[in-house]
Amino acid sequence: MLKLTRLSRMKWQPTGVLALAALIFTPLVASAQSQSEQPYTYQADVPSVEPVLGYEIGTKISSPDAIYHYFLALSESQSERVKLIEYGRSWEGRPLFFVAVSAPHNIAQLPDYGANMRALGDPRETSKREAEQLMRTVPSSVWLSYGVHGNEISSPEAAMMTLYHLLADTSEDTKSWLDNTVVFIDPLQNPDGRARFVSRYYATVGLMHDADRRSAEHNEPWPQGRSNHYLFDLNRDWIALTQPEIKGHVAALRDFPPLLFVDLHEMGGDSSYYFTPEARPYNPYITESQREILHWVGRNNAEWFDGAGYDYYTREIFDAFYPGYGASWPLYSGSVAMTYEMASARGHQFERKDGSTLTYLDGVERHFTSSLATIETASIRREELLSRYREYRVSAVEQGRDSDKRTVILADANNKAGQQRLASLMQEHGIEVMSNSSAVEVCDTRYPKGSYFVDLAQPNYRLIRVLLDEQIDMATDFVEQQKQRKANLLNDQIYDVTGWSLPLMFDVDVTYCDDTVTLPIVDGTIEPIAPGRVINPAAQVGFIVQADDANGSRFIAAALRAGLAVKQSELPFTHEKAGTFPAGTLILTRAENNDSDLAKTLERLAYDTGADVVGVDSSWVLDGPNFGSENVQSLTAPRIAVAWDEPVSSLSAGHTRFVIERQLGYPVTAIRTTQLVSSSLEGIDVLLMPESQASYTTYFSASSLKNLRDWVERGGVLITLGNATGWAVEAGLLSTHMEYATHSGVADDASETVLKPAQQIESEDALKEHIKASEKMPDYVPGALVNVNVDQNHWLTAGIQSELVATFTGNQVFAPLSIDKGRNLAWFAAGDEVLASGLLWPEIKQQLPFKPQLMVEPLGEGMLIAYTQSPTYRAYMDGWLPLLANSLFLAPAKTK
Ligand SMILES: [Zn+2]
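For clarity, every value in this text was computed on a predicted model and none was experimentally measured.

Looking at the packing of aromatic side chains
And then number 1: Applying the stated criterion across every chain, the model contains 45 aromatic pairs.
And then number 2: With a centroid separation of 6.3 Å and an interplanar angle of 50°, the aromatic rings of Tyr325 and Tyr495 are classed as tilted. Highlighted residues: Tyr325 in the loop between strand 8 (319–320) and strand 9 (336–343) and Tyr495 in the loop between helix 15 (476–487) and helix 16 (502–506), separated in sequence by 170 residues.
And then number 3: Look at Tyr325 and you get buried, because its relative accessible area is 5%.
And then number 4: One aromatic cluster is present, formed by Tyr87, Phe98, Tyr113, Trp143, Phe184 and Phe256 through successive ring pairs.
And then number 5: Above the face of the Trp296 ring, Arg381 is positioned so that its terminal group lies 4.0 Å from the ring centre.
And then number 6: In this structure, Lys405 packs its charged tip against the face of Tyr512, placed 4.6 Å from the ring centre.

Overview of the environment of Pro448
And then number 1: For Pro448, the position within the fold is in the loop between strand 15 (445–447) and strand 16 (452–455).
And then number 2: A sequence separation of 429 residues divides Pro448 from Met877, and the C-alpha atoms of the two residues are 26 Å apart.
And then number 3: Residues in contact with Pro448, not counting those within four places in the same chain, are Asn436 and Ala439.

So, the packing of helix 2 (residues 64–77) against helix 6 (residues 154–168)
And then number 1: Put simply, helix 2 and helix 6 touch, their axes get as near as 10 Å, and they point 10° apart. Relative to helix 6, helix 2 is oriented roughly parallel. In the crossing of helix 2 with helix 6, the sense of the turn from one axis to the other is left-handed. Along the contact surface, helix 2 presents Ile67, Tyr70, Phe71 and Leu74, while helix 6 presents Pro156, Ala159, Met160, Leu163, Tyr164 and Leu167.
And then number 2: Taken together, the residues of the contact of helix 2 with helix 6 break down into 10 nonpolar, no polar and no charged.

Observations concerning a negative patch on the surface
And then number 1: Together, Asp404, Glu441, Asp444, Asp514 and Asp515 make up a negatively charged patch on the protein surface.
And then number 2: If you trace the backbone, Asp515 turns up in the loop between strand 17 (510–513) and strand 18 (534–535).
And then number 3: Using a relative accessible area of 38% as the deciding quantity, one classes Asp515 as partly exposed.

Regarding the environment of Leu386
And then number 1: Residue placement: Leu386 occurs in helix 12 (residues 382–402).
And then number 2: Dropping the residues within four chain positions of it, Leu386 is found in contact with Met117, Leu120, Met135, Val138, Pro139 and Leu259.

Topic: the coordination of the zinc ion
And then number 1: In this structure, His149 (ND1), Glu152 (OE), Glu152 (OE) and His265 (ND1) serve as the protein donors to the zinc ion, at separations of 2.0 to 2.4 Å.
And then number 2: With four donor atoms in place around the zinc ion and angles of 58 to 156° between them, the coordination shape is irregular.
And then number 3: Looking at His265, the relative accessible area reads 2%, which means it is buried.

Looking at a nonpolar patch on the surface
And then number 1: A surface patch of nonpolar side chains, amounting to about 270 Å² of accessible area, comprises Ile761, Leu767 and Ile771.
And then number 2: Tracing the backbone through its elements, the reader meets Leu767 in helix 23 (residues 764–770).
And then number 3: Note on Leu767: relative accessible area 39%, which makes it partly exposed.

A closer look at the sheet that holds strand 12 (residues 407–410)
And then number 1: Sheet architecture is open: four strands sit in the order 13-16-12-17, paired in antiparallel fashion. Edge positions in the open sheet fall to strand 13 (434–435) and strand 17, since each of these has one partner strand only.
And then number 2: In this sheet, strand 17 lies alongside strand 12 in antiparallel orientation, the contact comprising four bridges. Paired with Thr407 across the strands is Cys513, a residue of strand 17.

Describing unusual backbone geometry
And then number 1: Going from Trp222 to Pro223, the amide bond is cis rather than trans, its omega being 5°.
And then number 2: Within the fold, Pro223 resides in the loop between helix 8 (191–203) and helix 9 (244–255).
And then number 3: Backbone torsion omega between Thr276 and Pro277 reads 5°, so that peptide bond is classified as cis.
And then number 4: Among the secondary structure elements, Pro277 is positioned in the loop between strand 6 (273–274) and strand 7 (279–282).
And then number 5: In the Ramachandran plot, Arg874 falls in the positive-phi region, its phi being about 55° despite a non-glycine side chain.
And then number 6: The residue Arg874 is located in the loop between strand 36 (862–867) and helix 25 (881–895) in this model.
And then number 7: Among the residues examined, Arg874 registers a relative accessible area of 11% and is labelled buried.

Basis of the calculations
- Along each chain, residue indices are assigned from 1 in the same order as the chain's sequence is written.
- Residues qualify for local features only when their pLDDT is at least 70, as the model is predicted, and side-chain atom pairs are given and counted only at 80 or more; totals for whole chains, interfaces and linings, by contrast, use all residues.
- Computation of side-chain values: all heavy atoms of the structure, hydrogens and water removed.
- Only Phe, Tyr and Trp rings are paired, with Trp represented by its six-membered ring, and only when their centres lie within 6.5 Å; those with planes under 30 degrees apart are stacked, over 60 edge-to-face, the remainder tilted.
- Numbered from the N terminus, helices here are DSSP runs of H or I no shorter than four residues, and strands are runs of E no shorter than two.
- Relative accessibility decides the category of a residue: with a 1.4 Å probe and only protein chains considered, values under 20% of the type maximum give buried, values over 50% give exposed, and everything between is partly exposed.
- Two thresholds decide whether a charge sits over a ring: the Lys NZ or Arg CZ must be within 6 Å of the ring centre and within 35 degrees of the ring normal.
- Two residues form a contact once any of their heavy atoms are found within 4.5 Å.
- A fitted line through C-alpha atoms serves as each axis, taken over the contacting stretch for helices, and the angle formed by two N-to-C directions is quoted from 0 to 180°.
- Throughout, the term roughly parallel applies to angles under 35 degrees, roughly antiparallel to angles over 145, roughly perpendicular to angles from 65 to 115, and oblique to all others.
- Left-handed is the label given to a crossing in which the near helix is rotated counterclockwise from the far helix by less than a right angle, and right-handed is the label when the rotation is clockwise.
- For this classification, the nonpolar set comprises Ala, Val, Leu, Ile, Met, Phe, Trp, Tyr, Cys and Pro, the charged set comprises Asp, Glu, Lys and Arg, and every other residue, Gly included, is treated as polar.
- The patch calculation keeps residues exceeding 30% relative accessible area without a salt bridge and links them within 9 Å when they carry like charges or within 5 Å when they are nonpolar (Val, Leu, Ile, Met, Phe, Trp, Tyr).
- Here the Shrake-Rupley method, with its probe set to 1.4 Å, supplies the accessible areas, and only the displayed protein chains count as covering residues.
- Between Lys or Arg on one side and Asp or Glu on the other, a salt bridge is scored when a side-chain nitrogen of the former is within 4 Å of a carboxyl oxygen of the latter.
- Counted as positive: Lys and Arg. Counted as negative: Asp and Glu, with His and the chain ends omitted from the count.
- To locate a charge, take atom NZ for lysine, CZ for arginine, CG for aspartate or CD for glutamate.
- Coordinating donors are taken to be N, O and S atoms lying within 2.8 Å of the metal, or within 3.2 Å when the metal is Na, K or Ca; because water is excluded from the atom set, some sites may appear incomplete.
- Between 85 and 135 degrees for all angles marks four donors as tetrahedral; over 155 degrees for opposite donors together with 65 to 115 for all other angles marks four donors as square planar and six as octahedral; every other arrangement is irregular.
- Here a strand pair is declared whenever DSSP counts at least two bridges between the two strands.

Written as structure tokens, this is what we have:
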């Protein structure tokens, strides 16, 4: 149990030893401690931060290189007790790594750790007795992940301090923890973001560090250090796994599944410290038992914080509903995950509103304290945590077995690319996926070879459900509370999106069957792109490529980059031998691609992009346009640019650039807005305006707006995403308007005066109606998935299915374009059909049907393509890739 006597000496006292580079690896005498507190006694042969890095802990915001260097130094000098494992590289090439720290006997057993945890957590493999046997020997474990947001600075420093303490402290407590617990420390989940923060921070420092919140030191330039290289919030990427930092982390957690997992952050500098238990709403797939464990951890943290005299709070914010946080994902495999947040000095010191000064070291010490407290909980509760882990996974298999949806089937003939990506992603999440090497009949349906099947009776049952379920409800009373808050014009307490079903976002049809399917589990890696092939490579006349899924979209980009002459049919056609092809299909003729290596090039592109290429020996078409028709456009490789820098939303800019560069495979020129409004746009074919933090209006003078408009009218394609579409309306580029809420109170008649006729109010509901603000904006939606219908009678939607699922976030609703101005090519579905997943407030749910998601308005020779909700949101709306590809590649062909 807790030893309260130790609490008095847990406060960290930095060493007073001089910083001398020559002291590297020289044994240090135990730290100087204040007389009033019992000191930690540190082992002399473990180097602290100062002799290795040349400064005392907390006196400098360490660079990613320095942090790596320190961890490497300790893992080399203390190799019996620390093992450093690299799990990837960031976009900018920095190592992504963690260490396992424990007593030598546990480190020696580390290679067996993962297998033991998997055996313990799989009742299909181990009996109750075997599990009990394992529980006698398997250590407890806690995984501490620091610095996912690069400008939340104190936690990586606390990681160094924690590592040092665990290795150097000679107390019985620390020894006993490491005797039965493995501590995994990932000191820096986002090294690129931290590098950006650190370089810019020190570039602003003057004669002395400035605590003034208005100072340059405390205000980072765009795009700030929070995000990674592609400007993603990595703490939202745990469901789609698009970024190497999170992909690698998930792989590491699968190899070394911990019992407890903590993600350590920072928040506003006027706050105190936050730890578990989390705020409502809880995701219903989090179990009561897990919530109880969260309570144990919070309770023990509180004792440590009380002992040190640190303020803290719990429960009020940071909910656990969306599964894409680092502190959520491990929960659905049986770990117990949580978030800690420290007030940020955002520099060396920060003057708080109450007049006190918060220092960098304050943050470091508190994160260090909560780290130790959590390790203690893991150690003390070893047996309970292990047995609850086992119970969690046993109950998962049972629930999966009893589920009326026993088998999930991925076999979507209309979206092979999406099917492959989803199967690959599920495997990456640690879910067992089966596949068939020849056609099988399941639940009275025949499925072709290469379909994917998932048996829900597996230990990751809840993870499968949380990723695939179309609807996961918040507690009714919580939703009612939120509606009440809305009525009083208070913000809701929902922290992130409420809908995230992967099949909906990827536009993949998933079927469920209540039978058991016995097929081999895929052993090797399911690649996210299944290589395509060339059929009839010796074809004399040319090649046909279907482009109605992401494989085809990637193929267009790759073919244009390879310098091939590509044509795209706006209409479906039937070739005399090769069969029927949908609108949007690509044609590459030998006549226009006069290259003896053409077949070889196409084989490479098919392999890389996943698209199948069909060679044809004639061009004869039985139905639809011929290859030379005016309904077949010649594409040319466009120069694509994206607006960059303030006032652009860095997230939206980053997502957009990532989707085009890394998901479609086509380069993007990022143009800073200062250039955009002052330079010629000559030579640019497509310009994307991502969502913005502040309106673009103030950035565009009348002459720069005219410059932009002239460029469009000369044939440019301007694409607005999300709220940039609102700016397009304001700028007179789009002939529609935005809407107030449907049920705004009636605006007063101007002729009325102070006295007005009486109105009878008959109920509380009527009162609520009566006091509603006039001209109220629609209620802000934190993020839901909505159904969208697509007009298929237009070249821009060539190859696009009639129904898609879009995100809806925010509160911008647009009136449809009138037909003389342009076309509404996608609109929100009718009535109750509009909600696909998540929570839409009742009023806006009534307002959305038939309002546009996608509009196109011709402007001179060019056009504006306006998405009212961004298809690049978090780079996880894969279902929109073909439409985006048409906007980027086919649209410029139509303007020339
Ligand atoms: Zn954070």
